[in-house]
Amino acid sequence: MMHQFKVYTRWRPLSPGESTETQRADDQQDSGRVSISLTPSSGSVTQRPWKSDAAFTQTFETTDNNKSVFEAVVAPTLPHVLNGRSCNFFAYGHSGSGKSHTIIGYDFDNPDEFGLCLAAARHLSDTLAGLNRDIDDPAEELAIGVRMFELRKNIASDLLNGRCQCYVREGYDGKTHIRGETEVLEQGKVRVRPIVTKACWSFEDLRQELLAGLKLRATGTSTIHDQSSRTHAVLELEIVTRALLEARDAVVQRQSELVPVGKRATDIYIEEHSKGVIVNADGTYAPNPDYQINHGRIDAAEAEKANFESYVQQAEDKISVILQSSNHTCLGGKLVFVDLAGSEYYHDKTTSTVPRPKQTPQAQQEGRQINTDLLALKEVIRARASKQARIPFRSSPLTMVLRDHFLGTNTTDSYSAMILTVSPSSEQFAATMNTLKYGSLVGVAGGEKKSLPR
């Protein structure tokens, strides 16, 4: 099995007020991939013709609807998800190019115009409903667990939990964790909950959860329009059971029980060793002749801490047992959809011929952070494709969050695709070219990998 990364291009229709199109030509190469040539409108003195590498798997025209994109990009990966593997889909492009329309969609009643995530959820729901007819134990019934959050810098807003603010952190195990505010409970217990997972047992339940989350999505003014997504939205669909979700909750509970025990062990160690020394007149430390350190007390506290650490480990092991012993290989299979914030080019005077509001310093800083995230994502993709020993996941919060999704259950057990959303308008020539340049670099790197087996 090898990791695969494909890049697609999707052209949106001309918007009202856009009258001229960029001249372009597609060239199908012997490799099966497509290169794209762009020619600026006549009379332009600042823009030059450009041609990409043979980097793109397929081009979608302005007449292709969301259903066509889903059937070509996402539908072929569903067997992998039903085999317990991870598949990731990114929408990349400048603001107003159609990223959110592609990933999430705006018509939630017409299946032909469902965004990729909703269309995938509908197909998975139908499949799981068929599998559940042969399951008698309610704890083993299969459902779709939904997580939805938006990322700005190192803060993730949980859209299925009232925009609860969470933080991106790297744990002692080297894995990235997204955790909410610390809750102090009775008896000194401390709980830090992860992003909420909403289990959906029907497609309609999932659709309603998605709609509720989208109402909390933040928008702002960009260089293109005044209702631009200024955060990266991440939507995860995972095949789960009640038993799996309960096991994960148990880990959080065991961790909360460990905190006061661990703190007590640390306090006892510090207290005993503080009593065991004295400070001389010259400021140096020496053993306290009037106090014998109670190592038995320290050892007892450390033993209690070790017991509680074992409880945490047992809870974590139970998750692995559930995943490995399930009669359904689909358990844990995951689809991840990322609606990337719009790429912006503040110093590019040719991005649009339409006057735009001047960006505030805060908006410019926001744009620089977005572009930093997008550059980091490109470098991660290229590093993985070239099999570098060090993958720069730590370069940005975005790539830290996506680390586990890229790696899957092992370094070769995942599939990824990027959809470049671009405008045919001659007014957006520079923005379209910049998007295609980014996709060309990603596509050339990712195209070196072999396909996943069916």
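For the structure, see preceding data.
Below or above, wherever it landed, is the structure these notes cover. Computed from a predicted model, the values in this text were never measured in an experiment. (Residues numbered from 1 in each chain as written. Predicted model: local features only at pLDDT ≥ 70, side-chain atom pairs only at ≥ 80, totals over all residues. Heavy atoms only, no water.)

Once that is clear, we can look at the overall build of the chain. Across its full length, the chain holds ten helices and 17 strands. Counting every position in the chain, which comprises 454 residues, the buried fraction comes to 47%. Put simply, 71% of the contacts in the chain that link residues at least 6 apart link residues at least 24 apart. Working note: accessible area of the chain is about 21700 Å², and carbon and sulfur atoms make up 50% of it. (Helix = DSSP H or I, 4+ residues; strand = E, 2+ residues; numbered from the N terminus. Buried < 20%, exposed > 50% of the residue type's maximum accessible area, 1.4 Å probe, protein only. Contact = heavy atoms within 4.5 Å. Areas by Shrake-Rupley, 256 points an atom, 1.4 Å probe, with all protein chains shown as cover.)

With that out of the way, let us pick up the side chain of Thr 241. Take Thr 241: it is sitting in strand β13 (residues 232-241). Contacts of Thr 241, omitting those with residues within four sequence positions, involve Ala 139, Glu 140, Glu 141, Leu 142 and Leu 331.

Spanning twelve residues, helix α5 (residues 203-214) covers 16 Å between terminal C-alpha atoms, matching the ideal 16 Å at 1.5 Å per step. Those residues of α5 that fall on the buried side of the exposure criterion are Phe 203, Leu 206, Arg 207, Leu 210, Gly 213 and Leu 214. The buried residues of α5 occupy an angular sector of 130° when projected down its axis, which confines them to one face. Taken together, the buried residues of α5 touch α4 (116-132), β7 (142-152), β12 (198-200) and β13. (Expected span 1.5 Å × (residues − 1). Arc of directions from axis to C-beta.)

Okay, the pairing of β13 next. Most of β13 sits inside the fold, with ten of its ten residues counted as buried. On β13, burial covers both faces: His 232, Val 234, Glu 236, Glu 238 and Val 240 on one face and Ala 233, Leu 235, Leu 237, Ile 239 and Thr 241 on the other are all buried. Pairing analysis gives ten bridges linking β7 to β13, with the strands arranged antiparallel. From the neighbouring strand, Ile 144 faces β13, where its bridge partner is Ile 239. Direction of pairing for β13 relative to strand β16 (residues 334-339): antiparallel, over a ladder of six bridges. For Leu 235, the partnering residue across the bridge sits in β16 and is Phe 337. (Pairing = 2+ DSSP bridges.)

Glancing now at a nonpolar patch on the surface. On the surface, Val 277, Val 279 and Tyr 285 cluster together into a nonpolar patch covering about 320 Å² of accessible area. The partly exposed category is assigned to Val 277, whose relative accessible area is 36%. (Patch = residues over 30% accessible without salt bridge, like charges linked within 9 Å, V, L, I, M, F, W, Y side chains within 5 Å. Salt bridge = Lys/Arg side-chain N within 4 Å of Asp/Glu carboxyl O.)

On to the packing of aromatic side chains. This structure, assessed with the given rule, holds nine aromatic pairs. Consider the rings of Tyr 8 and Phe 60, whose centres lie 5.9 Å apart with planes at 25°: the pair is stacked. Separated by 52 residues along the polypeptide, Tyr 8 in strand β1 (residues 4-11) and Phe 60 in strand β5 (residues 58-60) bring together distant segments of the chain. Grouping residues by exposure puts Tyr 8 and Phe 60 together as buried. Arranged with centres 5.4 Å apart and planes meeting at 20°, the rings of Phe 89 and Phe 337 form a pair that is stacked. Of this pair, Phe 89 sits in strand β6 (residues 86-92) while Phe 337 sits in strand β16, and the two are 248 residues apart along the sequence. On the basis of relative accessibility, which here comes to 1%, the residue Phe 89 falls in the buried class. (Phe/Tyr/Trp six-rings, centres within 6.5 Å; stacked < 30°, edge-to-face > 60°.)

It is worth spelling out the side chain of Ser 100 at this point. Within the secondary structure, Ser 100 is located in helix α3 (residues 99-103). Of note is the side chain of Ser 100, whose polar atom sits 2.5 Å from the side chain of Asp 339. (Polar contact = N/O pair within 3.5 Å; in protein donor to acceptor, adjacent residues only side chain to side chain.)

Turning our eyes to something else, we now look at the environment of Ala 306. Along the chain, Ala 306 falls in helix α7 (residues 295-325). On the accessibility criterion, Ala 306 (38% relative accessible area) is partly exposed. The spacing of Ala 306 and Leu 258 is 48 residues in sequence and 9.2 Å in space, taken between C-alpha atoms.

What follows is about the nonpolar core. If you look at the biggest cluster of nonpolar residues, it comprises 55 residues, and the most contacted ones within it are Val 73, Val 74, Phe 89, Leu 237, Leu 335 and Phe 337. Per-element accounting of this core gives the leading share, eight residues, to α4. If near-sequence neighbours (up to four positions away) are discounted, Phe 89 is found in contact with Val 73, Val 74, Thr 77, Ile 103, Leu 335, Val 336, Phe 337, Val 338, Tyr 415 and Ala 417. Counting residues in hydrophobic clusters, the runner-up holds 42 residues, among them Phe 5, Phe 56, Val 401 and Val 442. (Core = buried A, V, L, I, M, F, W, Y, C linked by side-chain atoms within 4.5 Å.)

The final tally for this structure, using the stated rule, is 23 salt bridges. A salt bridge links Glu 257 to Arg 254; its shortest N-O distance comes to 2.8 Å. Taken together, the residues Glu 257 and Arg 254, both in helix α6 (residues 242-275) and three residues apart, mark about one turn of the helix. Residue classification places Glu 257 among the buried residues on the basis of a relative accessible area of 16%. Of the residues examined, Arg 254 reaches a relative accessible area of 25% and is grouped as partly exposed. A salt bridge links Arg 382 to Glu 379, with the shortest nitrogen-to-oxygen separation between them at 3.8 Å. Here Arg 382 and its partner Glu 379 are both found in helix α8 (residues 361-385), three residues apart, which amounts to about one turn of the helix. Judged by its relative accessible area of 33%, Arg 382 is partly exposed. When its relative accessible area of 32% is taken as the criterion, Glu 379 is described as partly exposed.

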